[in-house]
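Descriptive structure summary
Chain by chain, the residues run as shown.
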Amino acid sequence: MSEPLSFQLSYGDCDTVGIAYFAIYYPWMERAYSTWLYAHGIRSGELVEQLGVLTVGVHSDCTYKAMVRVFDVLTVRLTLDRMGTTSWTVGFDFVRDGEVVTHGTMTFVCRSPEGGKAAIPDRLLEVLRSLPAREEVTA
């Protein structure tokens, strides 16, 4: 499994008073998810060729638990928040000094190349199930 993504905030991540801009978490979640898949041999842009399906993001959200400021160091830990037969939700715990300061989620569905509903392929299921379940994760 790949290492968690860690980074230090810069001014470009923050608003004019140095607090992390709320929408900046979404590119961080996408980066953490796509690099995690890549570390497991799955390329988001090549899913039809690799697994015979497309994945579509259908929902995302963030809950902000503590203020994050310029130069704070965050680590992003992925969790499996929910698993279905055709959809799943990946959680993203943003951790600073051992405390979860933000929890985000992204929900995906599988579709056939023609756009119809499709089951999650076994290879993707195996990789997703390697994530810790949300309730198993502690700050």
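The preceding data block contains the structure.
Bear in mind that the values here come from a model prediction, so they are computed numbers and not experimental data. (Residues numbered from 1 in each chain as written. Predicted model: local features only at pLDDT ≥ 70, side-chain atom pairs only at ≥ 80, totals over all residues. Heavy atoms only, no water.)

What follows concerns the pattern of salt bridges. Taken as a whole, this structure holds 3 salt bridges when the rule is applied. Between aspartate 72 and arginine 96 there is a salt bridge, and its shortest N-O distance comes to 2.9 Å. Of this pair, aspartate 72 sits in the loop between β2 (54-64) and β3 (73-83) while arginine 96 is found in strand β4 (residues 87-96), placing the two residues 24 residues apart along the sequence. Residue aspartate 93 is joined to arginine 134 by a salt bridge in which the shortest nitrogen-to-oxygen separation is 2.7 Å. (Salt bridge = Lys/Arg side-chain N within 4 Å of Asp/Glu carboxyl O. Helix = DSSP H or I, 4+ residues; strand = E, 2+ residues; numbered from the N terminus.)

Inspection of the secondary structure puts alanine 20 in the loop between β1 (5-8) and α1 (25-39). Separated by 11 residues in sequence, alanine 20 and leucine 9 have C-alpha atoms that sit 7.8 Å apart. The contacts of alanine 20, once residues within four sequence positions are left out, are Leu9, Asp13, Cys14, Tyr25 and Val68. (Contact = heavy atoms within 4.5 Å.)

A few words on the nonpolar core. Among the nonpolar cores identified, the biggest contains 38 residues, and Tyr33, Leu78, Trp88, Phe92 and Phe94 are the most heavily contacted of them. Among the secondary structure elements, those contributing two or more residues to this core are α1, α2 (47-51), β3, β4, β5 (99-111) and α3 (122-128). At 7 residues, α1 tops the list of elements feeding residues into this core. Not counting the four nearest positions on each side in its chain, leucine 78 is found in contact with Ala32, Tyr33, Trp36, Val90, Gly91, Phe92, Leu131 and Pro132. (Core = buried A, V, L, I, M, F, W, Y, C linked by side-chain atoms within 4.5 Å. Buried < 20%, exposed > 50% of the residue type's maximum accessible area, 1.4 Å probe, protein only.)

Once that is clear, we can look at a nonpolar patch on the surface. Together, Val48, Leu54, Val56 and Val58 make up a nonpolar patch on the protein surface, roughly 270 Å² of accessible area in all. For the nonpolar patch, the element with the most residues is β2, which contributes 3 residues. Its location among the elements puts valine 56 in strand β2. Under the relative-accessibility criterion, valine 56 is labelled partly exposed at 37%. (Patch = residues over 30% accessible without salt bridge, like charges linked within 9 Å, V, L, I, M, F, W, Y side chains within 5 Å. Areas by Shrake-Rupley, 256 points an atom, 1.4 Å probe, with all protein chains shown as cover.)

Glancing now at the packing of aromatic side chains. Scanning the model with the defined rule gives 10 aromatic pairs in all. Between tyrosine 21 and phenylalanine 22, the ring centres sit 5.0 Å apart and the planes meet at 55 degrees, which makes this aromatic pair tilted. Looking at tyrosine 21, the relative accessible area reads 42%, which means it is partly exposed. Note on tyrosine 25 and phenylalanine 94: the rings are 4.9 Å apart at their centroids and 85 degrees apart in plane angle, and the pair reads as edge-to-face. Of this pair, tyrosine 25 sits in helix α1 while phenylalanine 94 is found in strand β4, placing the two residues 69 residues apart along the sequence. By the burial criterion, tyrosine 25 is buried, and phenylalanine 94 matches it. Three or more aromatic residues joined by ring pairs make a cluster, and in this case those are Phe7, Tyr25, Trp28, Tyr64 and Phe94. (Phe/Tyr/Trp six-rings, centres within 6.5 Å; stacked < 30°, edge-to-face > 60°.)

One can find threonine 86 in the loop between β3 and β4. In contact with threonine 86, other than residues within four places in its own chain, are Phe108, Val109, Cys110, Lys117, Ala118, Ala119 and Ile120.

So yeah, pure geometry; function would need other evidence.
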